[in-house]
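What follows is the residue order along each chain.
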Amino acid sequence: MLAITIAIAIGIALPMETAINSRLQNTLKSPYFASLMSFFMGTVLLTALLLITGHSLIIPGAFFTSHPWWIWLGGVLAVVYLTGNILLFPKLGGIQTVLMPILGEILMGLLIDNFGWFASAQHSITWLRAFGAILMIVGIVFAVVLPERARKDTFQRNAETTESRHVPHRGFWQGLGVLFGAFAAGQTAINGHLGHLLKSPIQGAYVSFLVGTLILLIVVLIQNHGLRLPVGAISHNPWWIWFGGFIGALFVLGNVYLVPIIGTGLTVVIVLFGQIIGGLIVDQFGWFGAKRNPIVPLKIVGLLIMIVGVLLIKVF
């Protein structure tokens, strides 16, 4: 029960990080720079946790040669997933940019469990687990897609125009969306195994964040030709816009802790359930500068359907 509670809690927290980083992106005028600051702050938090708990910041040299190469890819996949969403939005619009990666994440999570990829414990796909995954997707449609289509504000009309216009090779971009979601599930499994090998979830999350930070640093240096903050970025904004990375670090840390205990597939679906709840809370109250979007009955129906889906995947 503790693992389920942690999964829901970190899922609820993630939309708060998204809202904070959205404000940070508007301030820095660059999604890559905002992501770099988020990854950097997460790395700072995880470094502090390592020092407080007496863990080393240095990975033994023998560790690099005694384990498979893919255990270092967690941070890489995180950056690819992040960049992928940036590329998808102008091609698919807001709704499909949410839905396609979630579809890929759920499917990849179940496949990882079924085949034991990335050294995960095997949990075979049964018909009931598959039906639970379908219910999860249906629930997300009710909780996210249908309410978004029903919104009449200016932003949503623009988003719908983006989604309805003809986009060359739309199927290709939709497939990429599913692939990026699969990368997110792969990241979860890889980081979980890395934390298990290091015998420290904190160290596993730290390595993932450090790799992501270094990659984004290179991207920002190439794109922006430096790391200059816009004038007034610190003095004209609330203090909390710089601390979204703390939530991101705790999110990755929670995933690293959970995967060896309950498996990748169940971690993914329960965290996604928490994300939908967190998203509804942020929208309902307009936290962290997010635009208020009150909860409607369709969203409640979606949550109830998702609960059934989670139970089917967990129990069967």
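One can find the structure itself at the top, above this paragraph.
Just so we're clear, the structure is a prediction, and the values are computed from it rather than from any experiment.

A.B. asks: Before we move on, can you summarise the overall build of the chain with the specific residues and values?
C.D. replies: A count of helical and extended segments in the chain gives eleven helices and zero strands. Its helices and strands taken in sequence order, the chain reads α-α-α-α-α-α-α-α-α-α-α from the N to the C terminus. By the compact-globule yardstick of 20 Å for 316 residues, the chain fits well, its C-alpha radius of gyration being 19 Å. Seen through its principal axes, the chain has C-alpha atoms that stretch 55 × 55 × 40 Å. Counting only residues that meet the buried cut, the chain has 52% of its 316 residues in that class. Restricting the contact set of the chain to residue pairs at least 6 apart, pairs at least 24 apart contribute 79%. If you sum the accessible surface of the chain, you get close to 14,700 Å²; carbon and sulfur atoms cover 73% of it.

A.B. asks: Now, about helix α5 (residues 127-150): what can you tell me, with residues and values included?
C.D. replies: Its 24 residues place the ends of α5 33 Å apart at the C-alpha level, agreeing with the 34 Å of an ideal helix rising 1.5 Å per residue. Of all the bends found along α5, the most pronounced is centred on Val141 and spans about 35°. Where α5 is concerned, the buried positions are Arg129, Gly132, Ala133, Leu135, Met136, Gly139, Ile140, Ala143, Val144, Val145, Pro147 and Glu148.

A.B. asks: I'd love a proper account of the pattern of salt bridges, names of residues and values included.
C.D. replies: In the structure shown here, the tally under the stated rule is one salt bridge. Across the pair Arg129 and Asp113 runs a salt bridge whose closest N-O atoms are separated by 3.7 Å. Of this pair, Arg129 sits in helix α5 while Asp113 sits in helix α4 (residues 74-115), placing them 16 residues apart in sequence. Across the pair, Asp113 and Arg129 agree in class, each one buried.

A.B. asks: I'd like a description of the side chain of Asn191, backed by residues and values.
C.D. replies: Here Asn191 lies in helix α7 (residues 170-198). Of the residues examined, Asn191 reaches a relative accessible area of 2% and is grouped as buried. In terms of polar contacts, Asn191 uses its side chain to reach the side chain of Ser208, at 3.2 Å. Leaving out residues up to four positions away in the same chain, Asn191 has contacts with Gly74, Gly75, Ser208, Val252 and Val256.

A.B. asks: Describe the nonpolar core, and please don't skip the residues or the numbers.
C.D. replies: It is characteristic of soluble globular proteins that their nonpolar side chains tend to be buried jointly. Core analysis: the biggest nonpolar cluster contains 79 residues, and Phe63, Ile106, Met136, Ile140 and Ile276 have the highest contact counts within it. Core analysis: the next-biggest nonpolar cluster, separate from the first, contains six residues, Leu88, Leu92, Trp173 and Phe180 among them.

A.B. asks: Outline the packing of aromatic side chains, supporting the account with residue identities and numerical values.
C.D. replies: Under the definition given, this model contains eleven aromatic pairs. Ring geometry for Phe63 versus Trp72: centroids 5.8 Å apart, planes at 80°, classification edge-to-face. Grouping residues by exposure puts Phe63 and Trp72 together as buried. In textbook terms, an aromatic cluster arises when at least three aromatic residues are bridged by ring pairs, as seen for Phe63, Phe64 and Trp72.

A.B. asks: Describe the environment of Thr47, listing the residues and the values that go with them.
C.D. replies: Take Thr47: it is sitting in helix α2 (residues 31-52). Measuring from C-alpha to C-alpha, the distance between Thr47 and Glu105 comes to 28 Å, with 58 residues separating the pair along the chain. If we skip the residues at most four places from it in the chain, Thr47 touches Leu57 and Tyr206. Within the structure, Thr47 has its side chain in polar contact with the backbone oxygen of Thr43 (distance 2.7 Å).

A.B. asks: Describe the side chain of Gln203, and please don't skip the residues or the numbers.
C.D. replies: With respect to the helices and strands, the residue Gln203 is situated in helix α8 (residues 201-224). Not counting chain neighbours up to four residues away, the residues in contact with Gln203 comprise Leu50, Ser56, Ile58, Ile59 and Leu198.

A.B. asks: Got a sec to walk through unusual backbone geometry? Specific residues and values, please.
C.D. replies: Notably, Lys29 is not glycine yet its phi reads approximately 60°, a positive angle. Within the element layout of this structure, Lys29 appears in the loop between α1 (2-28) and α2. Although it is not a glycine, Lys199 sits at a positive phi angle of roughly 60°.

A.B. asks: Any details on a nonpolar patch on the surface? Residues and values, ideally.
C.D. replies: The grouping of Ile295, Ile300, Leu304, Ile307 and Leu311 at the surface amounts to a nonpolar patch, some 420 Å² of accessible area in total. Relative to the helices and strands, Ile300 is located in helix α11 (residues 297-315).

A.B. asks: Break down the packing of α5 against helix α10 (residues 264-285) for me, citing the residues and quoting the values.
C.D. replies: Two elements in contact, α5 and α10, have axes whose closest approach is 11 Å; the angle formed by their N-to-C orientations is 10°. Taken together, the axes of α5 and α10 lie roughly parallel to each other. Contacts between α5 and α10 involve Met136, Ile140, Ala143 and Val144 from the former and Val269, Leu272, Phe273, Ile276 and Leu280 from the latter.

The rules behind these values
- Residues numbered from 1 in each chain as written.
- Predicted model: local features only at pLDDT ≥ 70, side-chain atom pairs only at ≥ 80, totals over all residues.
- Heavy atoms only, no water.
- Helix = DSSP H or I, 4+ residues; strand = E, 2+ residues; numbered from the N terminus.
- Rg over C-alpha atoms; globule rule 2.2 N^0.38 Å.
- Buried < 20%, exposed > 50% of the residue type's maximum accessible area, 1.4 Å probe, protein only.
- Contact = heavy atoms within 4.5 Å.
- Areas by Shrake-Rupley, 256 points an atom, 1.4 Å probe, with all protein chains shown as cover.
- Expected span 1.5 Å × (residues − 1).
- Bend = angle between axes of the 7 residues up to and from the residue.
- Salt bridge = Lys/Arg side-chain N within 4 Å of Asp/Glu carboxyl O.
- Polar contact = N/O pair within 3.5 Å; in protein donor to acceptor, adjacent residues only side chain to side chain.
- Core = buried A, V, L, I, M, F, W, Y, C linked by side-chain atoms within 4.5 Å.
- Phe/Tyr/Trp six-rings, centres within 6.5 Å; stacked < 30°, edge-to-face > 60°.
- Patch = residues over 30% accessible without salt bridge, like charges linked within 9 Å, V, L, I, M, F, W, Y side chains within 5 Å.
- Axes fitted to C-alpha atoms, helices over the stretch in contact; angles between N-to-C directions.
- Parallel < 35°, antiparallel > 145°, perpendicular 65-115°, else oblique.

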